Protein chains: 2
Amino acid sequence: MNNSKNVLRYMFGSGAISNLSTILNNIESDSEYVIYYIDEYFKNSSVLDFLPIKNIDEIFFVQTQSEPETSNIDHFRDILISKNKNKPKAIIAIGGGCTLDTGKAIANLLTNSGNAEDYQGWDLVKNPGIYKIGIPTISGTGAEASRTCVMINPKNGLKLGMNSDFTIYDQLILDPNLTKSVPRNQYFYTGMDTYLHCIESLNGSYRNSIGDAFSHQAISLCREVFLSDDDMMSDKNREKLMVASYLGGCAIANSFVGIVHPFSAGLSVVLGTHHCVGNCIAMNAMEEFYPQEFKEFILMGKKQGIEIPQGIATDLDESFYKKLYDSTIIHEKPLSNALGANFKNILTYEKVKEIFKKM
Amino acid sequence: MNNSKNVLRYMFGSGAISNLSTILNNIESDSEYVIYYIDEYFKNSSVLDFLPIKNIDEIFFVQTQSEPETSNIDHFRDILISKNKNKPKAIIAIGGGCTLDTGKAIANLLTNSGNAEDYQGWDLVKNPGIYKIGIPTISGTGAEASRTCVMINPKNGLKLGMNSDFTIYDQLILDPNLTKSVPRNQYFYTGMDTYLHCIESLNGSYRNSIGDAFSHQAISLCREVFLSDDDMMSDKNREKLMVASYLGGCAIANSFVGIVHPFSAGLSVVLGTHHCVGNCIAMNAMEEFYPQEFKEFILMGKKQGIEIPQGIATDLDESFYKKLYDSTIIHEKPLSNALGANFKNILTYEKVKEIFKKM
C-alpha cells in the first residue's frame, strides 16, 4: 500500500508566474541565490521578463532535442559545485517534462553523493533534495506531480527515473498562459501522455479507488479538450489540460502505467524518439491491447488534424529489434501491471518485434 | 490566487490503519508520546485494538453529540499543559469531522499562544502546529483535506474555523474498513456534505479549473454511490465515498461553498443541529437557488430511503429567527460567492425567515 506524497503547494491560474518573487521571499534559507533550469525554447522569449532573476542567480538553458541523460545531470551538478553554488535557496525548473525532470534530478544530486545513474530505481535517494519549484510550460507529462525524473543511461540502455518521495516538487506554479505558444503537434502528443497514463492505469491490475478517481477525471478533461468543437488550445482548454496533466501525475503516483510506456521507452533509448511522440507512435500499434482506447485515441488525432509519425520501426536491422526488445522488456512493473507476472510469455521476442514493425 | 497547500501524505486502502505504527516510527521527534483524539463512538470498539497505543500516550474520547466549541478546545489544551504533555510527537485524530477538527485545532493551539477563539478567521495562526495524523471514520465532511477546523463560539454566535495552511493534516490514513459500522442515515447525511461542497463551489463565482475538476469528480463518485443499484455502503461504495470526501475537501480548498452552508451554520449555532444533517435540512429549502441539484438531492434521498428531518425551524419565536438571520448572514465569503457582493439585498431578513420556515 502506497503512502502517497503530494506536491506540497500549487498555485493555479493565468498569470500565476508573477507570484514567483513572493514565493521565493517566503522560503526560509541561508542562501539567497537560486538556480534556474529553463527550456532553451525560451532563451529569447518574453517569458524571461516575468522572472525575478538576480545577478547572483544561475541560469541554465536545457536542451530538449534529446531526453535527459544521466551524464547531463552529473555535468550540471559539477558546474554548480565548481562555482560553489551547490546549496541554493531553491531550484526552479521552467519547461516541459525534460526540464522539470532535470530540475528534480539535480535537486536530489546536490544533497546525495554519487552520480545520477546510482539513483535510477525505486527509493534509492537517501536525503531530501534542495527546495524545488516546478513551472510547466506544456501540459501532459505529469512530471509536475510525479515522484520520478526520467533519465536515459546510454551505458546500460536504461530509461528510468529516481523514483523517490524526495523527487516530488515542493511548489508548483501552474500558469496556463505559458502553454500558449506550444506547437500544435507537440501540444497534442504531450496531452496524450496524460491520456495514456490514465488508460494504462485503469487497465492494469494495480488499481485502487483513489488512483481510479484521478484517472477518470483526467481522461474526462482530455475528452473535453480533444473531442470538443472548441479549439484544443483555447484559453479554457489549455487550463483544462494543465489540470488534467497534474491529476494524471497524481493517478500515476497511485498506480502504474501499462504497455505503451515500455514500448515508448524502447523507442527513446534505441532510436532517440521523444517520450510523448513515442507514446503516440507506440499507441498506434496497441489496438489489440487497448481496443476501445485505441479508437478514441485515433478519433482525437483526426479531430485535431494531428499526424502521428509512422514507419519509424518498420524496417530495421535485426540488431535494432534486439535492442528494442531489451529496452522494452526491462520495464517489469508496468508490463506485469498490464499483463501479469508472466508477461514475457505474451511479449515474446517475435511478438515484440511484430509490434514494433507496426510503428 | 490561492497558493493551495496539500495534505503532505495519504495512505489509502482497506486495512491501511495497520500501518499507523510504521508511520509513527518514521516521524523524527524528540518526544516519544502521542496524543489521540478518538470519537467516543469507538470507546469500547475493536478499532482500538488496531492502534499501537503505549503507556506514555494520552487518549481523549471526543463527544460528538454537539459540535466542537472553542472552550472544549481550550480545555483539551489545558489538560495537556497541566500534564506537561504539550509537545507530543504527533496528534492523531480518529473519527468524523468533529474529531478531525478537534485534532487540528489542538495541534495549532499547542504551538500558538492564546485561545481557540483568537484564531477563528483567515490566516491568523502564526506557527506550524504539532505533526498531525487524520484517520476519518466517516466520509463526506472533507475535514481530512481542508484548511479549516470548524468550532462554535457560543459567546458571539460564530461558527468558524482556524482557516490556515497550518491546519492541514501532515498524514492521512484513509481506510474504508473504518466506515463499515456507520448508521445509514448518518452515512447519507455526511456523504451529502461532499455533494453540497461541490455543487455550491460549481455554482459560485469564485471558480477555477482545478477546483472544478475536483468538484466534478467528487460529484461523479457521489452519483455512483447514491444513485447506483448497489448498496450505498458496499465495500466498493464506501471506498468511493472516502475518495469523494477527500476530493471534495480539495475542491473547497480551491473555492468556497455557497448558500447551504451558511444556513446550516445558523441551524448549528442557534438550534444545535449537527453540520451534515443541518446541510440536508437546509438543502431541502434551496429549490429556488439550486433547482437541478435539489432534484438530484431528493432523488438520492429517495433511492436510499433516507428521511431528512422537517419542521425544525417552521414555527419558532421571532427572537430565534433574528438569531438565525444573524448567524447565517455573517458568512460573507460563501454568500457573496453564491449571490454576489450585494447578497444582503437578496437575503433580506424576511427572505431568510421564509427560507428557515421551510426547514
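Named according to an unreviewed UniProt entry, chain A is Iron-containing alcohol dehydrogenase originating from Campylobacter hyointestinalis.

Caption draft 1: Structural view of the overall build of chain A. The number of helices and strands found in chain A is 13 helices and 10 strands. In terms of C-alpha radius of gyration, chain A reaches 19 Å, essentially the compact-globule figure of 21 Å for 359 residues. C-alpha atoms of chain A, sized along the principal axes, occupy 55 × 45 × 40 Å. Evaluated residue by residue, chain A yields a buried proportion of 62% over its 359 residues. Within chain A, residue pairs in contact and separated by at least 24 positions form 77% of the contacts whose partners lie at least 6 positions apart. In the form shown here, chain A has an accessible surface area of approximately 13,600 Å², with 49% of it arising from carbon and sulfur atoms. Of note, chain A has its 33 positive side-chain charges centred 1 Å away from the centre of its 41 negative side-chain charges.

Caption draft 2: A look at the sheet that holds strand E5 (residues 90-95) of chain A. In spatial order, the strands read E4(A)-E3(A)-E5(A)-E7(A)-E10(A)-E2(A)-E1(B); together these seven strands make up an open sheet with mixed pairing. Only two strands of the sheet have a single neighbouring strand rather than two, namely strand E4 (58-62) of chain A together with strand E1 (3-5) of chain B. The average angle at which neighbouring strand axes cross in this sheet is 20°, direction not considered. Taken together, the four bridges between strand E2 (residues 9-12) of chain A and strand E10 (residues 171-174) of chain A define a ladder with parallel strand orientation. Residue pairing for E10 of chain A: methionine 11 of chain A is matched across the bridge by isoleucine 173 of chain A. Against the sheet, helix H3 (residues 97-109) of chain A touches strand E3 (34-39), E4, E5 and strand E7 (132-136) of chain A, its axis set at about 165° to E5 of chain A.

Caption draft 3: Region of the structure containing the relation of the copies chain B and chain A. Expressed as a screw operation, the relation of chain B to chain A combines 0.0 Å of axial shift with a rotation of 180°, fitting to an RMSD of 0.0 Å. These values place the two chain copies in the arrangement generated by a two-fold rotation axis. When the interface residues of chain B are mapped onto chain A, 100% of them again lie at the interface, so the same face is used by both copies.

Caption draft 4: Expanded view of the domain arrangement of chain A. Residues and elements named next belong to chain A. The domain boundaries assigned to chain A delineate domain 1 (9-174) and domain 2 (184-358). For domain 1 and domain 2, the distance between their C-alpha centres works out to 25 Å. On the side of domain 2, 26 residues touch domain 1, which itself brings 23 residues to the contact. The three residues of domain 1 that bury the most area against domain 2 are Phe12, Ser139 and Lys159, which together make up 27% of that side's buried surface. Joining domain 1 to domain 2, the criterion identifies zero salt bridges. Put simply, domain 1 and domain 2 have 12 residue pairs in polar contact (both at pLDDT 80 or more) between them. For the side of domain 1 that touches domain 2, the secondary structure elements donating two or more residues are E2, strand E9 (158-163) and E10. Taken together, the residues that form the side of domain 1 that touches domain 2 break down as 11 nonpolar, nine polar and three charged.

Caption draft 5: Structural context of the UniProt feature "domain: Fe-containing alcohol dehydrogenase-like C-terminal" (unreviewed entry) in chain A. Mapped onto this structure's residue numbering, the UniProt feature "domain: Fe-containing alcohol dehydrogenase-like C-terminal" (unreviewed entry) falls at residues 189-292 of chain A. Note that residues 189-292 of chain A is 72% helix and 0% strand, and that its end C-alpha atoms are spaced 19 Å apart.

Caption draft 6: Layout of the packing of helix H10 (residues 318-329) of chain A against helix H13 (residues 349-357) of chain A. All names here are of chain A. Where H10 contacts H13, the two axes come as close as 10 Å, and the packing angle between them is 105°. Between H10 and H13, the angle falls in the class roughly perpendicular. Contacts between H10 and H13 pair Glu318, Tyr321, Lys322, Leu324, Tyr325, Thr328 and Ile329 from the former with Tyr349, Val352, Lys353, Phe356 and Lys357 from the latter. Looking at the contact of H10 with H13, its residues break down into seven nonpolar, one polar and four charged.

Caption draft 7: How the structure looks around helix H6 (residues 235-253) of chain A. The terminal C-alpha atoms of H6 of chain A lie 28 Å apart, and with 19 residues this matches the ideal 27 Å at 1.5 Å per residue to within 8%. The element H6 of chain A is extensively covered by neighbouring structure, given that 17 of its 19 residues are classed as buried.

Caption draft 8: The interface of chain B and chain A, seen in detail. Each partner contributes residues to the interface: chain B has 35 residues there, and chain A has 35 residues. Approximately 3,000 Å² of surface area, both sides summed, lies buried where chain B meets chain A, with 56% of it carried by carbon and sulfur atoms. Residue arginine 9 of chain A pairs with aspartate 165 of chain B through a salt bridge whose shortest N-O separation is 2.7 Å. Where chain B packs against chain A, one counts 18 residue pairs in polar contact (both at pLDDT 80 or more). Elements with a minimum of two residues in the side of chain B that touches chain A: E1, strand E2 (9-12), strand E10 (171-174), helix H5 (209-227) and helix H6 (235-253) of chain B. If you tally residues by element for the side of chain B that touches chain A, the top one is H5 of chain B, at seven residues. For the side of chain B that touches chain A, the residue count by class is 16 nonpolar, 13 polar and six charged. Taken together, the three bridges between E2 of chain A and E1 of chain B define a ladder with antiparallel strand orientation. Looking across to E1 of chain B, one finds that methionine 11 of chain A is bridged to asparagine 3 of chain B.

Caption draft 9: Summary view of the sheet that holds strand E4 (residues 58-62) of chain B. Sheet architecture is open: seven strands sit in the order E1(A)-E2(B)-E10(B)-E7(B)-E5(B)-E3(B)-E4(B), paired in mixed fashion. Every interior strand has two partners, whereas the edge strands, strand E1 (3-5) of chain A together with E4 of chain B, have only one. In this sheet, adjacent strand axes meet at a mean angle of 20° when their direction is disregarded. Across five bridges, the pairing between strand E3 (residues 34-39) of chain B and strand E5 (residues 90-95) of chain B is parallel. Each residue of the ladder has a partner; that of tyrosine 37 of chain B, found in E5 of chain B, is alanine 93 of chain B. Contacts from helix H3 (residues 97-109) of chain B reach E3, E4, E5 and strand E7 (132-136) of chain B, with the element oriented near 165° to E5 of chain B.

Caption draft 10: Local environment of the environment of methionine 359 of chain A. Residue and element names in this part refer to chain A. By the secondary structure assignment, methionine 359 is in the segment after H13. Methionine 359 sits in the buried class, given a relative accessible area of 1%. Separated by 337 residues in the primary sequence, methionine 359 and threonine 22 have C-alpha atoms spaced 47 Å apart.

Caption draft 11: Spatial organisation of the packing of helix H4 (residues 184-202) of chain A against helix H9 (residues 291-304) of chain A. Residues and elements named next belong to chain A. Look at H4 against H9: their axes get within 12 Å of each other, and the N-to-C directions meet at 165°. On the basis of their axis angle, the class for H4 and H9 is roughly antiparallel. Where H4 crosses over H9, the handedness of that crossing is right-handed. Within the contact between the two elements, H4 uses Arg184, Phe188, Met192, Tyr195 and Ile199 and H9 uses Glu293, Glu296, Phe297, Met300, Gly301 and Gln304. By residue class, the composition of the contact of H4 with H9 is six nonpolar, two polar and three charged.

Basis of the calculations
- What you see as residue numbers is a count from 1 along each chain, following the sequence as written.
- Going through the entries in the order they are written, you letter the chains from A and number the ligands from 1.
- Since the coordinates come from a predicted model, pLDDT governs what is reported: local features require at least 70, and pairs of side-chain atoms require 80 or more to be given and counted, while whole-chain, interface and lining totals use all residues.
- Side-chain calculation: all heavy atoms of the structure are included, whereas hydrogens and water are not.
- Put simply, DSSP marks the helices as runs of H or I at least four residues long and the strands as runs of E at least two long, and each gets a number from the N terminus on.
- With C-alpha atoms as the basis for the radius of gyration, the globule rule is written as 2.2 Å multiplied by the number of residues raised to the power 0.38.
- When a residue's accessible area, from a 1.4 Å probe over protein chains only, is under 20% of the maximum for its type it is buried; when over 50% it is exposed; and in between it is partly exposed.
- The contact definition used throughout considers only heavy atoms, calling two residues in contact when any of these lie within 4.5 Å.
- The Shrake-Rupley method, run with a 1.4 Å probe sphere, supplies the accessible areas, and residue values consider only the shown protein chains as cover.
- His is not counted, nor are the chain ends, whereas Lys and Arg count as positive and Asp and Glu as negative.
- For this purpose, a charge sits on NZ of Lys, CZ of Arg, CG of Asp or CD of Glu.
- Any two strands between which DSSP finds at least two bridges are classified as paired.
- Between the N-to-C directions of two axes lies an angle of 0 to 180 degrees, each axis being a line fitted to C-alpha atoms and, for a helix, fitted only over the stretch in contact.
- All copies are superposed by least squares; the fitting set is the C-alpha atoms of residues with a pLDDT of at least 70 in both.
- The split into domains, and so the bounds of each, comes from an automatic or database assignment of domains.
- Two parts placed together each lose some accessible area under a 1.4 Å probe, and the buried area is that loss summed for both.
- The working definition used for a salt bridge is a side-chain nitrogen of Lys or Arg within 4 Å of a carboxyl oxygen of Asp or Glu.
- N or O atoms within 3.5 Å of each other form a polar contact, as long as, within protein, one can give a hydrogen and the other can take it, and as long as residues adjacent in sequence are counted only when both atoms are side-chain atoms.
- Amino acids outside the nonpolar list (Ala, Val, Leu, Ile, Met, Phe, Trp, Tyr, Cys, Pro) and the charged list (Asp, Glu, Lys, Arg) are all regarded as polar, and Gly is one of them.
- UniProt positions are given in the numbering used here, feature names are shortened, and annotations may be inferred rather than shown by experiment.
- For classification purposes, an angle smaller than 35 degrees is called roughly parallel, one larger than 145 roughly antiparallel, one from 65 to 115 roughly perpendicular, and anything else oblique.
- A helix is expected to reach a length of 1.5 Å times the quantity of its residues less one.
- Note: crossing handedness is left-handed where the near helix turns anticlockwise from the far helix by less than a right angle, and right-handed where it turns clockwise.

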